[in-house]
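# Overview (structure and organization)
Chain by chain, the residues run as shown.
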Amino acid sequence: MRAPFQKFGDHPPVASEITPREMFESRRDFIRQMALGSIASAGLLEMAQREVFAQNAGAKLAAVSNPSYISLDKKTAYKDATSYNNFYEFGTDKSDPAETASSLKTRPWTVTIEGEVKKPITLDIDSLLKLAPLEERVYRLRCVEGWSMVIPWIGYSLSNLLKKVEPTGNARYVEFISLADKRQMPGVNRPVLQWPYTEGLRMDEAMHPLTLLTLGMYGEVLPNQNGAPVRLTVPWKYGFKSAKSIVKIRLTKDQPRTSWNVSAPDEYGFYSNVNPDVDHPRWSQGSERRIGEDGFLTRKRKTLMFNGYSEVASLYSGMDLKKFY
Ligand SMILES: Nc1nc2c(c(=O)[nH]1)N[C@H]1C(S)=C(S)[C@@H](COP(=O)(O)O)O[C@H]1N2
Ligand SMILES: [Mo]
């Protein structure tokens, strides 16, 4: 399932778009050393990063590992993380995105940030890659369906981008809007969800450092089936809150509608925090299957409150999380 050269939209890769693995790895070691030795000169880091900007799917993406977000759990195999996906724009079977998302053209690509902001802006992917230092963070992501993965994501806190557009005093929520292009996304021709896919966070959730604007994983730019070229990763919420292939970010005064909440309001609330105490109407949320561990005798894992990211608990103090599910 790893055929990066088939993912290059309508042109084959040119040599300058490919970073040889050795170059990437030595550069990554170099960047790590700089960070470790606290001698990181912004100029050098910028130089190292600039080399990766003009790249396409399958290309390497250098990032500095953020030691606050490492995981003792074994990382999910790249093959599993890129062949067992939910991305309904490309079909509803887990195997559909890996098989059909090569039709997504991820360059050129722009993201517009608008709404309750003083400085609305449209940025292309290269500008997004340059906006803040790229970090590698290993996050668990748990799907509402009861499975989870452990993935080394690459990106930076969404707050970097939101600060740049200067939210107004009215900005209380952030809406994320995915691409919905019938020509590139076969699933959009079917009314399985309200298109475009939209998701939302409260402003303080969006500004929380854990909320990752994600541009890569496993040392590469995002594979199309994982939401290239830019997605969100919100690790304390069920996977569907982490919108893929985002084209618009809108700051709003009122709570935005979200695709899953519109399609099944009893099953998917606006908050959707991982919560073993609130069952899905059709199944328990008390445990989960870790992808890659699903042998016949493998025990399920206990699902943890906020998926184990207890540092977000203070965002919800005083709220009844059974009511605000
Ligand atoms: N645009 C869009 N984003 C999406 C989805 C989708 O169908 N469309 N599925 C969500 C769900 S249900 C999950 S579990 C995660 C899966 O992310 P992954 O395939 O990278 O593991 O993406 C989320 N983001
Ligand atoms: Mo999901």
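Residues numbered from 1 in each chain as written. Chains lettered and ligands numbered in written order. Predicted model: local features only at pLDDT ≥ 70, side-chain atom pairs only at ≥ 80, totals over all residues. Heavy atoms only, no water.

## What to know about unusual backbone geometry
- The amide bond that connects Trp195 to the next residue, Pro196, takes the cis arrangement and shows omega of -10°.
- Structurally, Pro196 can be placed in the loop between β6 (173-178) and β7 (198-202).
- Note that the residue after Ala228, namely Pro229, is joined by a cis bond; omega there is -5°.
- Tracing the backbone through its elements, the reader meets Pro229 in the loop between β9 (220-221) and β10 (231-233). (Helix = DSSP H or I, 4+ residues; strand = E, 2+ residues; numbered from the N terminus.)

## Let's talk about the packing of aromatic side chains
- Counted under the stated rule, the structure contains 14 aromatic pairs.
- Residues Tyr69 and Tyr139 carry aromatic rings whose centres are separated by 5.7 Å and whose planes lie at 85° to one another, so their mutual orientation is edge-to-face. Of the two residues, Tyr69 is situated in the loop between β1 (64-65) and α3 (78-81) and Tyr139 in strand β4 (residues 135-142); the sequence distance between them amounts to 70 residues. Per residue, the accessibility class of Tyr69 equals that of Tyr139, and both read buried.
- Between Trp260 and Tyr268, the ring centres sit 5.1 Å apart and the planes meet at 70°, which makes this aromatic pair edge-to-face. Comparing Trp260 with Tyr268, the two get one shared label, buried.
- Among the aromatic residues, those joined into a ring-pair cluster are Tyr173, Phe270, Tyr271, Phe306, Tyr316 and Phe324.
- Sitting above the plane of the Tyr84 ring, Lys94 keeps its charged end 6.0 Å from the centroid.
- Over the ring of Phe270 we find Lys241, and its NZ or CZ is 4.4 Å from the ring centre. (Phe/Tyr/Trp six-rings, centres within 6.5 Å; stacked < 30°, edge-to-face > 60°. Buried < 20%, exposed > 50% of the residue type's maximum accessible area, 1.4 Å probe, protein only. Lys NZ or Arg CZ within 6 Å of the ring centre and 35° of its normal.)

## What to know about the layout of surface pockets
- Space inside the largest pocket adds up to approximately 510 Å³.
- As for the largest pocket, its lining consists of 33 residues, and the residues nearest its centre are Asn86, Cys143, Trp147, Gly239 and Phe240.
- Listing elements by their share of the lining of the largest pocket, those giving two or more residues are β4, β5 (147-157) and α8 (259-263).
- When residues in the lining of the largest pocket are grouped by element, the largest group, five residues, is from β5.
- Broken down by class, the residue content of the lining of the largest pocket amounts to 18 nonpolar, eight polar and seven charged. (1 Å grid on protein atoms, 1.4 Å probe; cavity = no way out; pocket = protein on both sides within 12 Å on 5 of 7 lines; lining within 4 Å. Points joined across faces, edges and corners; volume = space filled by probe spheres on them. Nonpolar A, V, L, I, M, F, W, Y, C, P; charged D, E, K, R; others polar.)

## Considering the sheet that holds strand β3 (residues 121-124)
- Taken together, the five strands give an open sheet; going across it, the order is β3-β2-β11-β6-β7, and neighbouring strands pair in mixed fashion. Both outer strands of the open sheet, β3 and β7, are each paired with one neighbouring strand and no more. Shown here is a sheet whose adjacent strand axes are inclined to one another by a mean of 15°, direction ignored. (Pairing = 2+ DSSP bridges. Axes fitted to C-alpha atoms, helices over the stretch in contact; angles between N-to-C directions.)

## A word on the site of ligand 1
- Close to ligand 1 lie 16 residues, the nearest being Asn85, Tyr88, Glu89, Arg231 and Lys244.
- Side-chain polar atom of Ser178 to a nitrogen atom of ligand 1: 3.0 Å apart, as the coordinates give it.
- Ser242 places a polar main-chain atom, nitrogen or oxygen, 2.8 Å from a nitrogen atom of ligand 1.
- In isolation ligand 1 offers 530 Å² of accessible surface; the protein chains occlude 98% of this area. (Near = heavy atom within 4 Å. Polar contact = N/O pair within 3.5 Å; in protein donor to acceptor, adjacent residues only side chain to side chain. Areas by Shrake-Rupley, 256 points an atom, 1.4 Å probe, with all protein chains shown as cover.)

## Here's the deal with the UniProt feature "binding site: Mo-molybdopterin" (unreviewed entry) in the chain
- The UniProt record marks Asn85, Tyr88, Glu89, Cys143, Ser178, Asn226, Arg231, Ser242, Ala243 and Lys244 with the feature "binding site: Mo-molybdopterin" (unreviewed entry), using the residue numbering of this structure. For the largest pocket, the lining residues drawn from the annotated set are Asn85, Tyr88, Glu89, Cys143, Ser178, Asn226, Arg231, Ser242, Ala243 and Lys244.
- With respect to the secondary-structure elements, Glu89 resides in the loop between α3 and α4 (96-100).
- Discounting residues that sit within four places of it in the chain, Glu89 has contacts with Ser178, Leu179, Met185, Pro186, Gly187, Val188, Trp195 and Tyr197.
- Mapped onto the fold, Ala243 is located in the loop between β10 and β11 (246-252).
- Accessibility expressed as a relative area gives 0% for Ala243, which makes it buried.
- Not counting chain neighbours up to four residues away, the residues in contact with Ala243 comprise Phe176, Ser178, Tyr197, Glu199, Arg231 and Leu232. (UniProt positions renumbered as here; feature names shortened; annotations may be inferred. Contact = heavy atoms within 4.5 Å.)

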